[in-house]
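If you want the building blocks of each chain, they are given just below.
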Amino acid sequence: MHYTPPPRDPKAPPVRINLLSDTQTRPTPGMREAMARAEVGDEQLGDDPTVNALCERVADLLGKEAAVFMPSGTMCNVAATLVHCRPGDEILAHETAHIIAREGGAHAALGGFQIMPLKGEDGQFSPETFKAALHPRSRYQPPQVLVSAEQTANIGGGTIWKKAVLDEVVKIAKANGMATHMDGARLLNATVATGISARDMAAGWDSAWIDFSKGLGAPIGGVIAGSRAFIDEVWRWKQRLGGSMRQAGICAAACVYALDHNVDRLADDHANARALARGLSQIEGIEVQQPETNLVFFKPDGTGVSGEKMVAALRPRGVLLAMMDGRIRACTHLDVTAAMIEEMVGHIREIARAA
């Protein structure tokens, strides 16, 4: 399981259709204006009014007591495990979870934790699999203190954890004295797709966060929420990790703007993803996972063109994609239009026919 970025070619034409990731979004003119007007202060001292307003809003959105603004989602995850766990503790998560696959071993390097990878279809483990992985408390085995779920499941195909499953995982964890952490990088994609509020989705989870630099379109940042005592300790780790900032209201203003303008429009990304999947499924030889949100995973091998060769062939046409976990991942976002989706399907059809 790995992510292969496309090679950098200085002679390649400009990228016109960027489906590499929803992290590729650019601030809109309205967002830039909001950033320019932002009221700021010293975030590290708690004196930035825009950061404070953002944190209060996200805490309420997720149904938690308090929240803290972080430079990245990875820092949200890392700080959370550093608070929930102690060296030698064990975390349980799906084998493709971001905390295992995409955070550089930070949880082991910084906290001395081990993560037990749980199997399951589409990036999700079942409550039964979780329960079966638990062991009695013993000095011979690491304390199992935390379970983490990634909503949506990225490498699983942007799949949505069902509310009933999340609730059952929480129930099992609490019955076994464990804390719960929700990696909510694309949590709002799940809420828009299901109609279930973020507060209800995160209910029972001791910590949860949302990412603003993906589909919400902000240039930077995530906000993690939990109890006041938990957030106090997260702040300590934020300071230790060098994530404490100064006039961060300029960045927080982009996040506030995103909450005001870019949440409901996530439905457009989901519609574009479905349109892309439909178009690809009509090309003989392409295997497509039907999307639940804004991620489309597909394999073109049946056309006679490998995924790597397809990605390489699309780049001179101004289309940017990448391989992930042995498949091509296409990620729709606010800078991708329906017309771009139609054009990209046409390019792929031409490449497949020429094979």
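Just so you know, the residues in each chain are numbered from 1, in the order the chain's sequence is written. In view of the model being predicted, local features appear only for residues whose pLDDT reaches at least 70, and side-chain atom pairs are presented and counted only at 80 or more, with totals across whole chains, interfaces and linings using the full set of residues. In computing side-chain properties, one takes all heavy atoms of the structure into account and sets aside hydrogens as well as water.

1. Examining the overall build of the protein chain
What counts is decided by this rule: Elements are defined by DSSP. Helices are runs of H or I of four residues or more, strands are runs of E of two residues or more, and each kind is numbered from the N terminus. Within these notes, the globule rule equals 2.2 Å times the number of residues to the 0.38 power, and the radius of gyration is based on C-alpha atoms. The buried label goes to any residue with under 20% of its type's maximum accessible area, the exposed label to any with over 50%, and the partly exposed label to all in between, with areas taken from a 1.4 Å probe on protein chains only. Two residues qualify as a contact provided that any one of their heavy atoms is within 4.5 Å of a heavy atom in the partner residue. The Shrake-Rupley method, run with a 1.4 Å probe sphere, supplies the accessible areas, and residue values consider only the shown protein chains as cover.
Each helix and strand counted, the protein chain has 14 helices and 14 strands in total. Since a compact globule built from 355 residues should have a radius of gyration of about 20 Å, the 21 Å found for the protein chain is in line with a globular shape. For the C-alpha atoms alone, the extent of the protein chain along its principal axes is close to 60 × 55 × 40 Å. Per-residue burial for the protein chain yields a buried fraction of 55% across its 355 residues. In the protein chain, the proportion of contacts linking residues at least 24 apart, taken out of those at least 6 apart, comes to 75%. In the form shown here, the protein chain has an accessible surface area of approximately 15,200 Å², with 51% of it arising from carbon and sulfur atoms.

2. Observations regarding the packing of aromatic side chains
Which entries qualify depends on this criterion: The rule is short: rings of Phe, Tyr and Trp, with Trp giving its six-membered ring, pair when the centres are within 6.5 Å, and they are stacked under 30 degrees, edge-to-face over 60, tilted in between.
If you walk through the whole model with that rule in mind, you get two aromatic pairs. Between the aromatic rings of phenylalanine 125 and phenylalanine 130, the centroid separation amounts to 6.0 Å while the plane-to-plane angle is 55°, which identifies the pairing as tilted. Between phenylalanine 125 and tryptophan 161, the aromatic rings sit 4.9 Å apart at their centres with planes inclined by 75°, giving edge-to-face as the arrangement. Here tryptophan 161 lies in the loop between strand S6 (144-150) and helix H7 (163-175) and phenylalanine 125 lies in the loop between strand S5 (114-118) and helix H6 (127-133), a separation of 36 residues in the sequence.

3. A few points about the packing of helix H8 (residues 187-194) against helix H12 (residues 266-281)
Under the convention used in this document: Where helices are involved, their axes are fitted lines through C-alpha atoms of the stretch in contact, as for all axes, and angles between N-to-C directions lie from 0 to 180°. Any angle between 65 and 115 degrees counts as roughly perpendicular, while under 35 counts as roughly parallel, over 145 as roughly antiparallel, and the rest as oblique. Three classes are used: nonpolar for Ala, Val, Leu, Ile, Met, Phe, Trp, Tyr, Cys and Pro, charged for Asp, Glu, Lys and Arg, and polar for all others, with Gly counted as polar.
Where H8 meets H12, the axes come as close as 9 Å, and the angle between the chain directions of the two elements is 80°. It follows that H8 is roughly perpendicular to H12 by the angle criterion. Together, Leu188, Asn189, Val192 and Ala193 of H8 and Leu266, Ala267 and His270 of H12 make up the contact between the two elements. In terms of residue class, the contact of H8 with H12 is made up of five nonpolar, two polar and no charged.

4. Structural notes on the layout of surface pockets
How we decide: Method remark: on a 1 Å grid restricted to protein atoms, a set of points is classed as a cavity if a 1.4 Å probe fits but cannot get out and as a pocket if it is open with protein on both sides within 12 Å along at least five of seven lines; lining residues have an atom within 4 Å of a point. Grid points are joined across faces, edges and corners, and a volume is the space filled by probe spheres set on the points.
Approximately 450 Å³ is the volume found for the largest pocket. Ser21, Thr23, His98, Arg186 and Lys214 are, among the 25 residues lining the largest pocket, the residues nearest its centre. Those elements that provide at least two residues to the lining of the largest pocket are helix H3 (73-84) and strand S8 (207-211). It is H3 that contributes the most residues to the lining of the largest pocket, three residues altogether. Taken together, the residues of the lining of the largest pocket sort by class into six nonpolar, 11 polar and eight charged.

5. What to know about H7
What counts, and what does not: To estimate the expected span of a helix, subtract one from its residue number and multiply by 1.5 Å. Note that the arc is defined by the directions from the helix axis to the C-beta atoms.
The end-to-end C-alpha separation of H7 is 18 Å, in line with the 18 Å expected for 13 residues at 1.5 Å each. If you check which residues of H7 are buried, you get Leu166, Val169, Val170, Ile172 and Ala173. Summarising the axial view, the buried residues of H7 lie within an arc of 165°, below the 170-degree limit, and thus occupy one face. Counted as exposed and oriented over 90 degrees from the buried face of H7: Ala164, Lys171 and Ala175. Just downstream of H7 lies glycine 177, where phi reads positive at about 70°.

6. Section: the packing of helix H1 (residues 29-37) against helix H11 (residues 249-261)
Helix-helix packing: each pair is described by the crossing angle between the helix axes and the interaxial distance. To be explicit about the condition: Working rule for handedness: look at the near helix, and if it is turned counterclockwise from the far one by less than a right angle, call the crossing left-handed; if clockwise, right-handed.
At their nearest, the axes of H1 and H11 sit 8 Å apart, and the two run at 135° to each other. In terms of axis orientation, H1 runs oblique to H11. Note on packing geometry: the crossing formed by H1 with H11 is right-handed. Along its contact with H1, which presents Gly30, Met31, Ala34 and Met35, the element H11 presents Ile250, Ala253, Ala254, Tyr257 and Ala258.

7. Overview of the nonpolar core
Rules: Buried Ala, Val, Leu, Ile, Met, Phe, Trp, Tyr and Cys residues that are joined via side-chain atoms within 4.5 Å together make up what is termed a nonpolar core.
Judged by nonpolar contacts, the single largest core of 53 residues is most densely connected at Leu54, Leu62, Phe69, Phe130 and Phe212. Leu280, Phe298, Met344 and Ile348 belong to the second largest nonpolar core, which has 27 residues in total.

8. Observations regarding the state of the cysteines
Any covalent bond linking the sulfur atoms of two cysteines counts as a disulfide. Rules: Disulfides are defined as cysteine sulfur pairs within 2.5 Å.
Tallied over the full model, the rule gives zero disulfides. Free cysteine: cysteine 55, not disulfide-bonded; nearest cysteine sulfur from cysteine 255 at 9.3 Å. Cysteine 55 sits in the buried class, given a relative accessible area of 9%. Distance from the sulfur of cysteine 251, which forms no disulfide, to the nearest cysteine sulfur (cysteine 255) is 7.5 Å.

9. What about the pairing of strand S7 (residues 179-183)?
Every other side chain in a regular strand lies on the same face of the sheet, so the side chains alternate between the two faces. For clarity, the cut-off: Only when DSSP finds a minimum of two bridges between them are two strands counted as paired.
For S7, the buried fraction is high: five of the five residues fall into the buried class. Neither face of S7 is open: one carries Ala179, His181 and Asp183, the other Thr180 and Met182, and all of them are buried. In this sheet, S7 lies alongside S6 in parallel orientation, the contact comprising five bridges. Across the sheet, valine 147 pairs through a bridge with threonine 180, a residue of S7.

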